[in-house]
Amino acid sequence: AQTVTQSQPEMSVQEAETVTLSCTYDTSESDYYLFWYKQPPSRQMILVIRQEAYKQQNATENRFSVNFQKAAKSFSLKISDSQLGDAAMYFCAYRVNNAGNMLTFGGGTRLMVKP
Amino acid sequence: DTAVSQTPKYLVTQMGNDKSIKCEQNLGHDTMYWYKQDSKKFLKIMFSYNNKELIINETVPNRFSPKSPDKAHLNLHINSLELGDSAVYFCASSQDTGPYNEQFFGPGTRLTVL
């Protein structure tokens, strides 16, 4: 069974600083996809960034970037120039390329941004 | 316009009752999902439908019965509600079952069973 682990239940960052959220996963598959979702207090789940496992280049979306280490099965999210609006729960998720297309989520990391 | 909508947003009911949560997407997507988020924020897939056909049932009790009258709708009916069913239920949709496709989530329905 695939599992996704986020070892940091809570993280805190000063506004304008950089923070990295950790995620590791366990799989025997070779073809899979990784995602980071943000859940603000409104509860809405919002896709932040995604990465295909076969791509070595780390994905980047504006202030958000990932450090994908396939051998280590690690997929961390870096948020640069943190803003107050970044405060939310962040979920790492994994999806394997087979029937079903289900997302397997980690337990989440609550990010607090201090002004 | 809301892409994935759910009704109701909040649902409070007594143990043993039967309730339904409705989900609609106006994105023209083929695939829809139900996820459950428990009190510890853990999010887990329940069901997945593609073109109105069930493709995933993650060992969900028979008391939960999804119904997809058409591709734009995936409703969740729950019989004989139990205290442990209290959670936030999210509906989501994606273009198809392609694994790279973004899943768009609804706003969630907070179910409280008393």
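Each residue is numbered by its place in its chain's sequence as written, counting from 1. In the order they appear in the text, chains get letters beginning with A and ligands get numbers beginning with 1. Local features are withheld for residues below a pLDDT of 70 in this predicted model, meaning they are given only at 70 or higher, and side-chain atom pairs are given and counted only at 80 or more; totals for whole chains, interfaces and linings count all residues. Note: side-chain values were computed over all heavy atoms of the structure, leaving out hydrogens and water.

What about the state of the cysteines?
Note on terminology: pairs of cysteine sulfur atoms within 2.5 Å are recorded as disulfides. Using the criterion set out here, one finds two disulfides over all chains in the structure. One disulfide in the model links Cys23(A) with Cys92(A); its S-S distance is 2.0 Å. In this structure, the disulfide formed by Cys23(A) and Cys92(A) twists by about -70° around the S-S bond and is classed as left-handed. Within this pair, whereas Cys23(A) is found in the loop between strand S3 (19-21) and strand S4 (24-26), its partner Cys92(A) is found in strand S10 (residues 88-96), the two being separated by 69 residues in sequence. The two residues Cys23(A) and Cys92(A) agree in class, both being buried. Disulfide partner of Cys23(B): Cys91(B), at an S-S distance of 1.8 Å. Between Cys23(B) and Cys91(B), the S-S torsion sits near -75°, and that sign places the bridge as left-handed. Put simply, DSSP H or I for four residues or longer makes a helix, DSSP E for two residues or longer makes a strand, and each gets a number counted from the N terminus. When accessible area is computed with a 1.4 Å probe and restricted to protein chains, residues below 20% of their type maximum are described as buried, those above 50% as exposed, and intermediate ones as partly exposed.

Quick word on the environment of Arg63(B)
Residue and element names in this part refer to chain B. Here Arg-63 shows up in the loop between strand S6 (53-57) and strand S7 (64-70). Put simply, Arg-63 and Ile-45 are 18 residues apart on the chain and 16 Å apart in space, counted from C-alpha to C-alpha. The contact rule is simple, with two residues in contact once any of their heavy atoms fall within 4.5 Å. Aside from chain neighbours lying at most four places away, what touches Arg-63 is His-77, Ile-78, Asn-79, Ser-80, Leu-81, Glu-82 and Asp-85. Here a polar contact is taken to be a pair of N or O atoms separated by no more than 3.5 Å, where protein atoms must pair a possible hydrogen donor with a possible acceptor and residues adjacent in sequence count only if both atoms sit in side chains. Only 3.2 Å separates the side chain of Arg-63 from the backbone oxygen of Ser-80, close enough to count as a polar contact.

A word on the pairing of strand S11 (residues 109-113) of chain B
Residues and elements named next belong to chain B. Where burial is concerned, the two faces of S11 differ: the one with Thr-109, Leu-111 and Val-113 is buried and the one with Arg-110 and Thr-112 is not. Bridge analysis of strand S2 (residues 10-13) against S11 gives four bridges, and the strand direction is parallel. The partner of Thr-13 across the bridge, within S11, is Val-113. Note on pairing: two strands pair once DSSP finds at least 2 bridges between them. Two elements, strand S9 (residues 87-94) and S11, share three bridges in a ladder whose sense is antiparallel. Of the residues in S11, the one forming a bridge with Ala-87 is Leu-111.

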